[in-house]
Structures are given as C-alpha cells and as structure tokens.
Amino acid sequence: MKKTKKLFACLLAAATTFAMGATAFAAGTQQPVEGKVHFISEYKLEGAGTSPAETFQFTIENAGVTDAADGVTTANMPTPTLGTAAYSAGDASTEGNKKNVEVTLPTYTSVGVYTYNISQTAGTTAGVTYDAVPVVMKVTVLNQDGGVGVSTVSFTKNGTKLDDAAAFTNIYTANTLSVKKTVSGDLGDKSKYFDFEVTLTGQDGKQYGASYAVTGGSNGSNPATVTIGTPATFKLKHDETITIANLPAGITYKVEEVNVDARYTTTVNGASSKVAQGTTSATAANANYENSYGATVDTGVNLTNLPYILVFLGVLFIAGIALVSRKRRFDA
C-alpha cells in the first residue's frame, strides 16, 4: 500500500512538472525543431474576385541583445534567415489562407536574449494591401548540455505575443463593374442597341492583369475582355447588362453613353447624365442607364381649343334646360 501511494505521488509530481513546463512554452513561444521555427502569413479576399498569384517576402534586422557574453553586440550578433509565403492564383479566401513562413536559426555561441525586427516587403500587385506593421522576434539562448542552445523563440506584434494568429495579413480587394440598359416611354425602341464606352484607369506603380473578362450583352461586336487604359465600346439594348469581373480596388472607371438619339432622355443611377464615374472597391459598382422616349398621343382633339369647346357645350346645356322649363310652363 505504501509503495502504491509513493508511486502515485511520484507520478503526480511528474505530471505537475510536465504541465508547468507545457504551460511555460504554450503562451506564444516556440521551441526549435531541427534549428527552425516559423511565423504565419495570411492571404485574405475582400469583395468578389479571384486573387492573383503572389509570393510574400520578408526582411529581418538585428534589433538588440542583452545578457550575452562580452563583445556580443547588435552589429555582430548572428542573424536568422527567412523563407517566403507563396500563393497560387485564387488562394486568397474570405476566411484567410494561412501559411507558415520558415525561420532558420543561426548558430549561437553565447547565452543571451536576441531581438530582431521582421518586416514584410511591399509588392506592387494591384488590389493587394500589404501588411506594413513589423513583428518583433525574440530568441532566448541558455546553457544546455555543456554548451549553449536556443530555449524559446517568440513573435510579438503590436505588443501582443503571437500564437496561432497571423504575423502578417495581406488582403486582395476586388469586385465587379456592371452597366445596365433600360428603355422606357411610349416610343422607346426596346430592340435598339445603344452605344457605351468604358474606360478603366489604373494606379501608377501597380501591376494589373493582362485583361479582365466581360460577360452579358447580346451584340456580337461586344469585346470579351477589357484592358486597363484602353477604352472599350459596348452595345446594349433594353434589359441587357454587361459585367466586368475581378476588378482590383483602386481602378478609376468611366462609363459614357455615346451617340445618343436626341429624342431620348438619359439618366444614370437616377440622375440626368450620360456619364458614370467612380473607383472600384470591395463593393460592386453599377451604372444603371435608362433611356426614355415619350410622345403625345394623337386623339384627334385639338387641346388648344378645348376651353372654347367646353364653354360652347356649357351654353348649349343651359339653353336646353331653359327650353325644357319653358315647355313645362306652357303645358301646365
């Protein structure tokens, strides 16, 4: 019985020690595996679209060292090397696609606490917002087995230690631009095609796709794609819409109805105009055009003479009443 109790006490002590050790290393710290640790890169999608392929790159610089041997300074302390986060086209998702970025630790010859700043290199892909907030990496080196070795590594961002949270979150923002045609009025020709010119202007220093796909519309001359900086002409009739897909945020668009028959009144998005302009964002852009052509229906009545006709009819009515009244008096 005593032996059983003693064994149970030893097992309990060992479990308690293990739990304490596990807790110590769980709160946003890592222990190297074959000299490597990692931080997390995330690629998110906002709006509606397909993200372009992207390889996110990072730089690291020495930030400081404490409790190290004499002669170990920020300038000469060893520096880790960083991997990249590579994503194929379409990899960004609304919930966020996370990948580990590998960090290869150098050989340390002195105990100490080594601090580094990790930054992401901003790219030029249109629609991508690159996370510019740096991450602090801290490496704790202790005496181990007659030498020195890395005990723990932590990553901190905005004062918060990172565990499963992303160190860098990059966002691809895109959506659609739609142009719709409605024809109204008694004389509005719903079989007639109306001409539109669409111009997309990109931001300086940004890289765009070779072209952007267009869907909708029935006219065979409509282009299947549009290119940044090159005006495109479309033809639409009543109740038709063309939609340009996956336009990165930040594109300036101009839609103009051209060669409009002067007999039609044109509005776009409810305002009297032939031009719709704006900037693409996470929200779909819409240019809703209405062309109205109304006319006075010929009823055979000259409305300019209507007041005189009414007066004449009134006189006849009064005369008729007087005649009937007189007849009744004579009959009485």
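All of these numbers come straight from a predicted model, not from anything done at the bench.

A. Just the packing of aromatic side chains, in detail. Inspection of the entire model under this criterion finds 12 aromatic pairs. Taking 5.1 Å as the distance between ring centres and 80° as the angle between the ring planes, the aromatic pair formed by Tyr43 and Phe56 counts as edge-to-face. With a gap of 13 residues between them, Tyr43 in strand β2 (residues 36-47) and Phe56 in strand β3 (residues 54-66) connect regions that are remote in the sequence. Relative accessible area serves as the criterion here: at 0%, Tyr43 is assigned to the buried category. By relative accessible area, Phe56 is classed as buried at 1%. Between the aromatic rings of Phe58 and Phe168, the centroid separation amounts to 5.2 Å while the plane-to-plane angle is 45°, which identifies the pairing as tilted. Taken as a pair, Phe58 in strand β3 and Phe168 in strand β12 (residues 168-184) lie far apart in primary sequence, 110 residues in all. A connected cluster of aromatic rings, assembled from ring pairs, spans Phe39, Phe58, Phe155 and Phe168.

B. Spatial organisation of the sheet that holds strand β21 (residues 275-279). In space, the 4 strands of this open sheet follow the order β16-β13-β18-β21, with antiparallel pairing throughout. At either margin of the open sheet sits one strand with a lone partner, and together these are β16 (232-236) and β21. Adjacent strand axes in the sheet meet at a mean angle of 20° when their direction is disregarded. Here strand β13 (residues 194-201) runs beside strand β18 (residues 252-258); their pairing, made up of 7 bridges, is antiparallel. In the strand pairing of β18, Val198 is matched with Val255.

C. Structural detail: the pattern of salt bridges. Inspection of every chain in the model, using the stated rule, returns 5 salt bridges. Put simply, Asp131 and Lys157 hold a salt bridge, and the shortest N to O gap is 2.8 Å. One end of the pair, Asp131, is in the loop between β8 (128-129) and β9 (135-144); the other, Lys157, is in strand β10 (residues 147-157), with 26 residues separating them in the sequence. Classification of Lys157 by relative accessible area gives buried; the value is 10%. The shortest N-O distance in the salt bridge between Lys235 and Asp195 comes to 2.7 Å. Of this pair, Lys235 sits in strand β16 while Asp195 is found in strand β13, placing the two residues 40 residues apart along the sequence. A residue is classified by how much of its surface remains accessible, and Lys235, at 28% relative accessible area, is partly exposed. The exposure class of Asp195 is buried, given its relative accessible area of 15%.

Parameters and conventions
Residues numbered from 1 in each chain as written. Predicted model: local features only at pLDDT ≥ 70, side-chain atom pairs only at ≥ 80, totals over all residues. Heavy atoms only, no water. Phe/Tyr/Trp six-rings, centres within 6.5 Å; stacked < 30°, edge-to-face > 60°. Helix = DSSP H or I, 4+ residues; strand = E, 2+ residues; numbered from the N terminus. Buried < 20%, exposed > 50% of the residue type's maximum accessible area, 1.4 Å probe, protein only. Pairing = 2+ DSSP bridges. Axes fitted to C-alpha atoms, helices over the stretch in contact; angles between N-to-C directions. Salt bridge = Lys/Arg side-chain N within 4 Å of Asp/Glu carboxyl O.

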